[in-house]
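Architecture at a glance
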Amino acid sequence: MDKRELVEKINKLKKEKNAIVLAHTYQNIEIDEVADFSGDSLFLSRQAAKTDADIIVFAGVYFMAETAKILSPEKTVLLPVLSAGCAMADKINVDQLRKFKSQHPNIPVVCYVNSTAAVKAESDICCTSANAVDVVKSLNVPEVLFVPDKHLGAYVESMLDGVKVITYPGFCPVHHEIAVSDIVKQKALYPNAKVMVHPECSDEVVKMADFTGSTTGIIKTVKESNDKEFIIVTEKGVVERLQRDCPNKKFVLINEKAVCNTMKLIRLEDILHVLQTGENEINIAKDIAQKAITAIDKMLKI
Ligand code: SF4
């Protein structure tokens, strides 16, 4: 089946079954052709919470589909490829979180949304890279525990006066492996380019940024900017979408390894398959879902 045929079939089935497709910005760009909404995890969480659809097909990684299910428990949530996991979310489980909490008692836990439902259930409030600073600020406390991303936690601390952020030693391998030398190399080639960095990168890389922000923050800033060249220091999908949407500007991916392989597992064929069969449904134990939604709801109110 060619791409046009696949897109037509998916769109027809979406109508018949009252389904929507949510697509993360790191997906293969062809997925956008069938997506009702594309964006980062905060944006997609909000869409999942307010949709009237009966079925949500989540083109993203496992924890994102879990979050959609927690927010819309009465809806069917399908993940086109069940093995699409997140290496950062896998860095902490419930036992490890409990141990971390016991080492730092009576301190609220802020949990990056890139985590399992069970870890969210053990946390006080969730955040995304778009709202992490505001979430921590809203707690109005001198100390927080931050899981699982040590880099995002360090970034939050650098943005707030007088708040100590105690971080769990997790990270996203895709962003963690981006080095200062990568930026030096690209800057030598494109000296006028603005450096746009995601806060999942290391502190040293963030220090070299002209702008640091979430995927949505980077995209918005670039689109509104009068500058013409940008070095994009995050996942490849962002560069592809920017190049599509802003053909008169130049975008340079920081390096060819900045690719999340599990995000790229999903193809149009997989979306069609789950819509046809209803396979790969996400289910979450009630007690975990009930506790996790408290942490997510608190975030969505900010
Ligand atoms: S880019 Fe990193 S944090 Fe995002 S889904 Fe992939 S492994 Fe997880």
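Residues numbered from 1 in each chain as written. Predicted model: local features only at pLDDT ≥ 70, side-chain atom pairs only at ≥ 80, totals over all residues.

1. Some remarks on the environment of L145
As for its position among the elements, L145 is in strand β7 (residues 143-147). A tally of 21 C-beta atoms within 10 Å means that L145 is categorised as buried. For the pair L145 and D287, spaced 142 residues apart in sequence, the C-alpha separation works out to 23 Å. Residues within four places of L145 in sequence aside, it is in contact with F100, K101, H104, I107, V109, V110 and I166. (Helix = DSSP H or I, 4+ residues; strand = E, 2+ residues; numbered from the N terminus. Buried ≥ 20, exposed ≤ 12 C-beta atoms within 10 Å, placed from the backbone. Contact = placed C-beta atoms within 7 Å.)

2. Some thoughts on the site of the ligand
In the vicinity of the ligand, the contacting residues are Y26, V61, C86, A87, M88, N114, C172, V174, E235, C260 and M263. When residues of the shell around the ligand are assigned to domains, at least three map to each of domain 1 (3-87 + 263-283) and domain 2 (90-174). (Near = placed C-beta within 6 Å. Domains from an automatic or database assignment.)

3. Focus on the packing of helix α3 (residues 62-71) against helix α14 (residues 286-300)
Between two packed helices, what matters for the description is the angle formed by their axes and the separation of those axes. Closest axis-to-axis distance for the α3/α14 pair is 9 Å, and the angle between their directions is 95°. When the interaxial angle is binned, α3 and α14 end up roughly perpendicular. Contacts between α3 and α14 involve T67, I70 and L71 from the former and A289, A292, I293 and I296 from the latter. The residue makeup of the contact of α3 with α14, split by class, is 6 nonpolar, 1 polar and no charged. (Axes fitted to C-alpha atoms, helices over the stretch in contact; angles between N-to-C directions. Parallel < 35°, antiparallel > 145°, perpendicular 65-115°, else oblique. Nonpolar A, V, L, I, M, F, W, Y, C, P; charged D, E, K, R; others polar.)

4. A short note on the sheet that holds strand β5 (residues 109-112)
Strand order in the open sheet formed by 4 strands is β6-β5-β7-β8, and the pairing between neighbours is parallel. Two strands in the sheet have a free side with no partner beyond their single neighbour: β6 (125-127) and β8 (164-167). When strand polarity is set aside, the average angle formed by the axes of neighbouring strands in this sheet is 35°. In this fold helix α7 (residues 150-159) packs onto β5, β7 and β8, with an angle of close to 175° to the strand it touches most, β8. (Pairing = 2+ DSSP bridges.)

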